[in-house]
Amino acid sequence: MNDRVLSIPPTGLLGCTLLFWGWQTQLWALAIPMAILVETPRWVEWRWELSDKDFNRLMDFTSVLWLATAIFLFNRDSIQGLFILLSWMPIVFFLLIITQVYSERGTVALSSLFLSLRRQQPASALLSPLQPNPATRRVHLGYPYALLCLLAASSGQHVSFFLGVFILFAWALWTIRPQRYWSVTWAILLVASFALGYVGHVSLFQLQNKMEAMIVSWFQELLWQNRDPYRQNTAIGEIGELKESDQIILRVKTEVPVLLREATYNSYFRGTWQAQTASFHDLVPLPDDDKQWSLVNMNSFTLPELEDKKVRHLSVSSYLPRGQGMLALPMGSFRVNHLLLPDMMINDFGAVKVNRGPGLVDYQVYYSQDQSWVDAPPRLDEDLKVPEEEQDTFNELVRELGLIGQPSSVILDRIEAHFASKFRYSLLLSAPTHSPTLSPLRNFLQFKKSGHCEYFATSTVLLLRAAGLPARYAAGFAVQEYSNLEEAYIVRKRHAHAWALVYVDGRWRTLDTTPANWFNMESDRAPWWQSLYDLWSWAFHGFSQWRWSSDDEENNNLLWLLLPLFAILFWRLYFKKWVKKQRSLWQTAIKPRTEQGLDSAFFQVVTQLQNLGYIRQAGETLPTWLRRLERTQLDLPPLQPILQLHQRYRFDPQCLSFDEQQQLTQAVQTWLAQARENHKNI
């Protein structure tokens, strides 16, 4: 049985904890008087005579106050209000602790703290010590209130928080340290535990950041939304670090790295690109093969003409969440093979959409980088438009670079050289420092000169338009990471990329001004477990290929999946009885031993003393506690003769004889009766 109640904190600890809370939360004006009030009862003698019913009312009032404060702060500040409530917790519960320390008993019954215990009847004095009645147990709220203050102090998020917590905990532990060990040994162990705790604290903090990123990534995967071909919300103007998932979404077999486009947009306004006047129309598979789709009118050119245009091909394996998504295609694509789908659509900007398909598709693409087969010619009223609020910025840059009246080749060279020599890639997004009203693009071009691909692509498109060249914004993925495990290029979510399309010499061509080191910077941020994740992703991709395959020969692979299951089932059935028998023998051999003297009647005396409000100090042994009570509490019957029998019963290897056990029980009953009688006469 636990024969202790919650101890009283040493002198000054509770006050210093309140001061520490005030320091961390900048609530000094409240923390200082609260600390003085909570420590004063140690030097003054007057007390309030409060009953348990009074504490019941105080606890009910405190609970209502806490609930009302929570509702008010949440209604005023939403989630941030809950963090404010956390920092205010010592204030809300201060009335309860200050009333306890100034009360005559100096303790609070558990029934006052828990409404469910108030209806329970008081335990009799003969209640077994192994099953004490919690309703009548009294506790001191000093340590729980100190922990509440530390919890509230954590909301300040100061770097000194851990050091302060260590000092306060060391102070509390010093009062109950084992006396049989040297103080130096204890101090060395405490410092070692602090060092290990600090390492654990930093590790947990870093793990928390990683877990938050993983949870965000999991939610992104769970709620994965396909790219919207009509609208693209960029991170231009946002503040913070741009984070993307390491999830593998594409596998590409190609001879050279390439950009795969999913959508194109032509209208920009305050961080959002839109595809205006780009309607979708149905594609029809070729008559002789329903797995082959032509993206253009094949009657407009002959096969020899195709061969002259340096036709290339690549293979893509792509997930389609819920059977819907955009196909990732290189610039100049004109045919897609090996796709058995009920329908497929394409818009005027070359975006190909699947509305009804399997969860995974494997397709082959034929393309020619010298042609833009599926992109509609420029519309000058849209593809030359610069937002009014950005016109001054880009007109100044056009004059600075001397682009007015220059040939298109010179314009492209100067724009590429400008971004390559004066700008750098960065995922850290910050607010404008020169003027809060400065537009994000103006801040990027004139002051910060660092950003991610959306800044470079958007600035390039608008700069080309300001220089008189039609341009559009393309979004997709960069294929650059090769996997030796899969013998193919893999594309992760963080490989999402944006670039410009410019119309020169009668065709659309790609212009990517993002610094070439962006891919390496993204790779350097990969977590240490990426190789393990890649192995799992490769295995899951193989399973998905089997699951969504329409090939009868591949469906026979189901047998290879069932064989391990049959082997496990056979093992479980064959060895089931043997395992059960061995487990039974093991459990029989290891029977728990009952510790000597736990049924001692003397524990009834300890319970009675606790119910009367006599508190055992921290680190105080049972004999020392009882001797102190006999000196200070004259109304208590003698305890030492009963204690001697109890100590022999608990710790003497010879234990007690049956007659001595009966003598101990009888002595306890006599002491309890006399104690109750004396208590009634007080």
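Figured I'd write up the structure that's included with this text. Model, not experiment: these values are computed from the prediction.

## Brief notes about the pairing of strand E15 (residues 333-337)
- Most of E15 is tucked away, with four of its five residues classed as buried.
- As defined by bridge partners, strand E11 (residues 289-294) adjoins E15 across two bridges and the pair is classed as antiparallel. Paired with Trp 293 across the bridge in E15 is Val 336.
- Sheet analysis places E15 next to strand E18 (residues 360-367), joined by four bridges and oriented antiparallel. Counted as the bridge partner of Ser 333 is Tyr 367 from E18.

## Details of the sheet that holds strand E23 (residues 481-483)
- Spatially, eight strands are ordered E10-E11-E15-E18-E12-E5-E24-E23 in an open sheet, and the strand pairing comes out antiparallel. Only two strands of the sheet have a single partner each, and these edge strands are strand E10 (285-286) and E23.
- Bridge count between strand E5 (residues 248-253) and strand E24 (residues 488-492): four bridges; the pairing is antiparallel. When the sheet's bridge partners are listed, Val 252 is paired in E24 with Tyr 489.
- Along the sheet face, helix H17 (residues 530-547) touches E5, strand E12 (312-319), E18, E23 and E24 and points at about 75° away from the line of E5.

## With respect to the sheet that holds strand E16 (residues 344-347)
- Taken together, the four strands give an open sheet; going across it, the order is E9-E16-E17-E13, and neighbouring strands pair in antiparallel fashion. Each end of this open sheet is capped by a strand with a single partner; those strands are strand E9 (280-283) and strand E13 (325-326).
- Two elements, E9 and E16, share four bridges in a ladder whose sense is antiparallel. From the neighbouring strand, His 281 faces E16, where its bridge partner is Ile 346.

## Notes on the packing of aromatic side chains
- Applying the stated rule across the entire model yields 23 aromatic pairs.
- Counting every residue linked through ring pairs, the aromatic cluster contains Phe 419, Phe 423, Phe 444, Tyr 455 and Phe 456.
- Taking NZ or CZ as reference, Lys 353 lies 4.4 Å from the ring centre of Phe 280, over its face.

## Quick word on the pattern of salt bridges
- Per the stated rule, a full pass over the model turns up 13 salt bridges.
- One salt bridge connects Arg 379 with Asp 348, and the closest N-O pair in it is separated by 3.8 Å. Placement of Arg 379 in the loop between E18 and helix H11 (380-383) and of Asp 348 in the loop between E16 and strand E17 (352-354) is noted, with a sequence separation of 31 residues between them.
- One connected set of salt bridges, linked through shared partners, spans Glu 481, Arg 492 and Asp 534.

## With respect to the packing of helix H12 (residues 391-401) against helix H13 (residues 408-422)
- As a packed pair, H12 and H13 sit with axes 11 Å apart at the nearest point and diverge in direction by 100°. Taken together, H12 and H13 sit at an angle that is classed as roughly perpendicular. Here Leu 397, Glu 400 and Leu 401 of H12 lie close against H13, whose contacting residues are Arg 414, His 418 and Lys 422.
- Its residues assigned to classes, the contact of H12 with H13 comprises two nonpolar, one polar and three charged.

The rules behind these values
Residues numbered from 1 in each chain as written. Predicted model: local features only at pLDDT ≥ 70, side-chain atom pairs only at ≥ 80, totals over all residues. Heavy atoms only, no water. Buried < 20%, exposed > 50% of the residue type's maximum accessible area, 1.4 Å probe, protein only. Helix = DSSP H or I, 4+ residues; strand = E, 2+ residues; numbered from the N terminus. Pairing = 2+ DSSP bridges. Contact = heavy atoms within 4.5 Å. Axes fitted to C-alpha atoms, helices over the stretch in contact; angles between N-to-C directions. Phe/Tyr/Trp six-rings, centres within 6.5 Å; stacked < 30°, edge-to-face > 60°. Lys NZ or Arg CZ within 6 Å of the ring centre and 35° of its normal. Salt bridge = Lys/Arg side-chain N within 4 Å of Asp/Glu carboxyl O. Parallel < 35°, antiparallel > 145°, perpendicular 65-115°, else oblique. Nonpolar A, V, L, I, M, F, W, Y, C, P; charged D, E, K, R; others polar.

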